[in-house]
Amino acid sequence: MHSPIRIGRRKLIQLSGLSLLLAGCGRGTWQTQIEQALYRASDPLNQSFEQLLFSSQRLAREYKPSEIQAQQLLINTAEDSTPMIDPATYRLKVGGLVEKPVELSLEDIRKLPYRSEIINHVCVEGWAAIVQWGGLPLVDLLKVVQPKPEARYVFFRSVEGLSDPSGNAYGFYETWDLASCVHPQTLLAYEKNNSPLPAENGAPIRLASPIKLGYKQIKWVTEIALLATLPEKVGYWIDFGYEFYGGL
Amino acid sequence: MTANAMPRKAAAPKQALAAKIFHWVNLVSLFAMMGSGLQIYNANPVFGGRAGYHFPDFLLLGGWLAGGRHWHFFFMWVFGLNLLWYGIYVFATRRWKNRYVASNDIEAIRKGRNPKRRNYAIHRLIYTAFIPVLLLALLTGLGMYKPVQFAWIANLFGTWETLRIVHFTTIPSVLALMVAHSLLALNVGDWKLVRSMFAS
């Protein structure tokens, strides 16, 4: 298993600041400083508030098949090209702080419990779409690998390839709190709207859940690692400045 | 105030310190919520989606979507808690009994011949109208911030789209009320009244 790339906090802030400038936002540093100050002041409070509201057992509303909004689910990726994964050679590595690390083929994953749900998928941009996801509840995978007692976070790595300004490739990644991972509606999905998951939606395996914003629902997952603490690099969008918790 | 042999000169209006603080905090947090709200709006316009009308930069706070969210989810506490303590204050000091529009004001608006009394009644009506609009902004905002935990809010409004539209319409509603409230304040109490609400 690759360990999450570790870079210093200062480097991280520089990097995200640089990326923002590159994104062409063209705004002054004082604005960034105000945003950061407000974020630092309120995010811990917001996160506690969100965790206080959250229950691993409270299910999000599920909809009728006739309510699926197939056209409304937009595709957001960090880069323009869609990773194409060969389903035959695909392996999902699950490791980190677990008793029984595993490497699963798609066939293995399909043999594990299956759940179908029609839920509202909410994007950070404000739009939402009612979508059907089918797949393996993450909690059932966790039962297989048996997390060690000190595990608190779940790190996901995607094959989505990205390069920084100097051309070095690094992966797309995301971290969730364990409580949200054991929520019964959090799936490793391989089915969308009753069809096999399309490549642009994250085939063969993506994370899908009604309890987190879309940017937390990482596509093209190849690796899962349980961690005791939040890694230095938390998630692609989180390291840009979006909230870690992103709960609904 | 003691009775004076030289009356007829109206005393300068005075406001309780609590009212001034509430007024200031409310005004500042509302503009912060509107500016950052429009930033979030622009990420995917409620009307027309990505192809829809985007608000110009000078109206926006936060620089980009995440920045707008940071402003919005900081000032939601300032705005919400300010409104909460206003509610407690108005209730505990029994100001609610005579602060809001009442049947005699409606009477004055409909049939009154005294223009001053009429303006005063309209002023009270507008002031009262702020309360449901501000509460609606908070309610619909909470419904979108936590649609799973506060599923009852999302369900109350039917669809996600309705929830977004209602949340958005609180901006023009608040702005319209602000304009009317300011003009009527000037009309009812001149500059002296307006100043008393902001400063001494």
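Residues numbered from 1 in each chain as written. Chains lettered and ligands numbered in written order. Predicted model: local features only at pLDDT ≥ 70, side-chain atom pairs only at ≥ 80, totals over all residues.

**Q** Please clarify how the overall build of chain B should be interpreted in this entry.
**A** Looking only at helices and strands, chain B features 7 helices and 0 strands. Along the first, second and third principal axes, the C-alpha atoms of chain B reach 70 × 35 × 35 Å. The buried share of chain B, reckoned over its 200 residues, is 30%. For chain B, contacts bridging at least 24 residues in sequence account for 59% of all contacts bridging at least 6. (Helix = DSSP H or I, 4+ residues; strand = E, 2+ residues; numbered from the N terminus. Buried ≥ 20, exposed ≤ 12 C-beta atoms within 10 Å, placed from the backbone. Contact = placed C-beta atoms within 7 Å.)

**Q** Which parts of the structure should I look at to understand the overall build of chain A?
**A** A tally of regular secondary structure across chain A gives 6 helices and 10 strands. Within the span of chain A, comprising 248 residues, buried residues form 37% of the whole. Of the contacts formed within chain A by residues at least 6 apart in sequence, a portion of 73% connects residues at least 24 apart.

**Q** Just to check I follow, could you spell out the pairing of strand β10 (residues 221-227) of chain A for this structure?
**A** Side chains on a regular strand alternate between the two faces of the sheet. All names here are of chain A. Within β10, 5 of the 7 residues are buried, which leaves the element mostly enclosed by the surrounding structure. Alignment of strand β1 (residues 92-96) against β10, held across 4 bridges, turns out to be parallel. Paired with G95 across the strands is A225, a residue of β10. (Pairing = 2+ DSSP bridges.)

**Q** Can you help me understand the environment of K219 of chain A in this one?
**A** All names here are of chain A. For K219, the location among the structural elements is in the loop between β9 (206-208) and β10. C-alpha of K219 to C-alpha of S81: the two residues are 138 residues apart in sequence and 13 Å apart in space. Sequence-distant contacts of K219, that is, excluding residues within four places in its chain, are made with S158, E160, N201, G202 and R206.

**Q** Teacher, can you tell me more about the packing of helix α1 (residues 17-43) of chain B against helix α7 (residues 160-198) of chain B here?
**A** A pair of packed helices can be characterised by two numbers: the angle between their axes and the separation between those axes. Residues and elements named next belong to chain B. One can describe the packing of α1 onto α7 by two numbers: an axis separation of 12 Å at closest approach and a directional angle of 150 degrees. Relative to α7, the element α1 lies roughly antiparallel. Considering how the two elements wind past one another, α1 and α7 form a crossing that is left-handed. In this structure, α1 contributes K20, H23, L30, M34, G37 and Y41 to the contact, and α7 contributes F168, I171, V174 and M197. In terms of residue class, the contact of α1 with α7 is built from 7 nonpolar, 2 polar and 1 charged. (Axes fitted to C-alpha atoms, helices over the stretch in contact; angles between N-to-C directions. Parallel < 35°, antiparallel > 145°, perpendicular 65-115°, else oblique. Left-handed = near helix turned anticlockwise from the far one by under 90°. Nonpolar A, V, L, I, M, F, W, Y, C, P; charged D, E, K, R; others polar.)

**Q** Mind showing me how you'd approach the packing of helix α4 (residues 103-111) of chain B against helix α5 (residues 115-145) of chain B here?
**A** All names here are of chain B. α5 packs onto α4 with a crossing angle of 130 degrees between their chain directions and a minimal axis gap of 8 Å. Regarding the angle of α4 to α5, the classification is oblique. The element α4 and its partner α5 pack so that their crossing is left-handed. Taking contact as the criterion, the partners of D105, A108 and I109 in α4 are, on α5, R117, R118, A121, I122, R124 and L125. Here the residues of the contact of α4 with α5 are counted per class, giving 5 nonpolar, no polar and 4 charged.

**Q** Help me out: how do you make sense of the environment of L106 of chain A in this one?
**A** Residues and elements named next belong to chain A. Of note, L106 is situated in helix α3 (residues 106-111). Here L106 falls in the partly exposed class, since 18 other C-beta atoms lie within 10 Å of it. Between the alpha carbons of L106 and T186 there is a distance of 18 Å; along the sequence they are 80 residues apart. Not counting chain neighbours up to four residues away, the residues in contact with L106 comprise P87, Y90 and P204.

**Q** What should I look at first to understand the nonpolar core in this one?
**A** Soluble globular proteins tend to pack their nonpolar side chains together in the buried interior. By size, the foremost hydrophobic cluster in this structure holds 36 residues, and its most contacted members are V154, F156, L188 and V221 of chain A. Sequence-distant contacts of V221 of chain A, that is, excluding residues within four places in its chain, are made with L92, F156, S158, L188, I205, R206 and L207 of chain A. Among the nonpolar cores identified, the runner-up in size contains 30 residues, and L65, F75, Y86 and A137 of chain B belong to it. (Core = buried A, V, L, I, M, F, W, Y, C linked by C-beta atoms within 7 Å.)

**Q** What am I meant to see in the interface of chain B and chain A here?
**A** With 23 residues of chain B at the interface, the matching set in chain A holds 29 residues. Of all the secondary structure elements, the ones that give two or more residues to the side of chain B that touches chain A are α1, α2 (65-92) and α7 of chain B. A total of 8 residues in the side of chain B that touches chain A trace back to one element, the largest contributor, which is α2 of chain B.

**Q** What is the right way to read the confidence of the model for chain A from this model?
**A** Segments scoring low in pLDDT should not have their predicted coordinates read at a detailed level. Per-residue confidence for chain A averages 86 on the pLDDT scale, and 84% of its residues sit at or above 70. Scored below 50 in pLDDT, residues 1-26 of chain A makes 28 contacts in the model with residues more than four places away or belonging to other chains. (pLDDT = per-residue confidence, 0-100.)

**Q** Sorry, what's going on with the pairing of strand β3 (residues 115-122) of chain A here?
**A** All names here are of chain A. Extensive coverage of β3 is indicated by the burial of 6 of its 8 residues. Looking at chain direction, β3 and strand β4 (residues 128-137) are connected through 8 bridges and run antiparallel. When the sheet's bridge partners are listed, V122 is paired in β4 with A128. In this structure, the hairpin formed by β3 and β4 is closed by a connection of 5 residues, where G126 is found at a positive phi of approximately 115 degrees.

**Q** Is there a simple way to think about helix α4 (residues 138-145) of chain A in this case?
**A** The α-helix winds at 3.6 residues per turn, so residues separated by three or four positions along the chain end up facing the same way. Residues and elements named next belong to chain A. Turning to α4, its buried residues are L138, L141, L142 and V145. Mapping the buried residues of α4 onto a view down its axis gives an arc of 100 degrees, with all of them on the same face. In this fold, the buried residues of α4 make contact with β1, β2 (102-104), β4, α5 (178-181) and β7 (187-192). (Arc of directions from axis to C-beta.)

**Q** Any chance you could explain unusual backbone geometry here in plain terms?
**A** What you tend to see is this: most non-glycine residues have negative phi, and most peptide bonds are trans. Residues and elements named next belong to chain A. Residues A203 and P204 are joined by a peptide bond in cis, for which omega reads 5 degrees. Following the sequence through the fold, P204 ends up in the loop between β8 (195-196) and β9. Unlike most non-glycine residues, Q146 shows phi in positive territory, near 55 degrees. As for its placement among the helices and strands, Q146 is situated in the loop between α4 and β5 (153-163). Unlike most non-glycine residues, N194 shows phi in positive territory, near 65 degrees. Residue position: N194 is located in the loop between β7 and β8.

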